[in-house]
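Examining the three-dimensional arrangement
Residues per chain, in single letters:
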Amino acid sequence: MSVTLTESAARHVTRYISKRGRGVGVRLGVKTTGCSGLAYKLEYADEVTPEDVVFEGHGVKVLVDPKSLPYLDGTELDFVREGLNEGFKFRNPREKDRCGCGESFRI
């Protein structure tokens, strides 16, 4: 099982943690919501907990809870700029469908 992040995502996370003054990486998970059933949740993590599954790429830790891991296996986290917008993008090979508003997905 694996979760990876691009160089662009790693640079963004590293910059943000540096500005914040604390943090060990990002915590990635899923929650039940929306019209398609699941939504990604992403937050900065200040510590690694014993139940976290830890992946590392480009010097940045990605922490995933064991319940979310089956839904996230193979996911690549990217940080993209499109015109005036910027944000994280999830490339999940397990994703079968996404709702029209882009807020939720189905496996």
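Residues numbered from 1 in each chain as written. Predicted model: local features only at pLDDT ≥ 70, side-chain atom pairs only at ≥ 80, totals over all residues. Heavy atoms only, no water.

Structural notes on the environment of Glu86
- Structurally, Glu86 can be placed in strand β7 (residues 85-91).
- Classification of Glu86 as partly exposed rests on a relative accessible area of 47%.
- In terms of polar contacts, Glu86 uses its side chain to reach the side chain of Arg81, at 2.6 Å. (Helix = DSSP H or I, 4+ residues; strand = E, 2+ residues; numbered from the N terminus. Buried < 20%, exposed > 50% of the residue type's maximum accessible area, 1.4 Å probe, protein only. Polar contact = N/O pair within 3.5 Å; in protein donor to acceptor, adjacent residues only side chain to side chain.)

Thoughts on the sheet that holds strand β1 (residues 4-5)
- In space, the three strands of this open sheet follow the order β1-β6-β7, with mixed pairing throughout. At either margin of the open sheet sits one strand with a lone partner, and together these are β1 and β7.
- As paired elements, strand β6 (residues 76-82) and β7 share seven bridges and run antiparallel to each other. When the sheet's bridge partners are listed, Phe79 is paired in β7 with Phe88. (Pairing = 2+ DSSP bridges.)

Concerning the pattern of salt bridges
- For the structure shown, the criterion picks out 10 salt bridges.
- Ionic pairing is found between Glu7 and Arg11, a salt bridge with its closest N-O pair at 3.8 Å. Of the two residues, Glu7 and Arg11 are both situated in helix α1 (residues 7-20); the distance of four residues between them amounts to about one turn of the helix.
- Assessed through its relative accessible area of 45%, Arg11 is described here as partly exposed.
- Among the ionic pairs, Asp46 bridges to Arg20, the shortest N-O distance being 2.8 Å. Of this pair, Asp46 sits in the loop between β3 (37-45) and β4 (53-57) while Arg20 sits in helix α1, and the two are 26 residues apart along the sequence.
- Asp46 gets classed as partly exposed once you look at its relative accessible area, which sits at 40%.
- Members of the salt-bridge network, linked through shared partners, are Arg20, Arg22 and Asp46. (Salt bridge = Lys/Arg side-chain N within 4 Å of Asp/Glu carboxyl O.)

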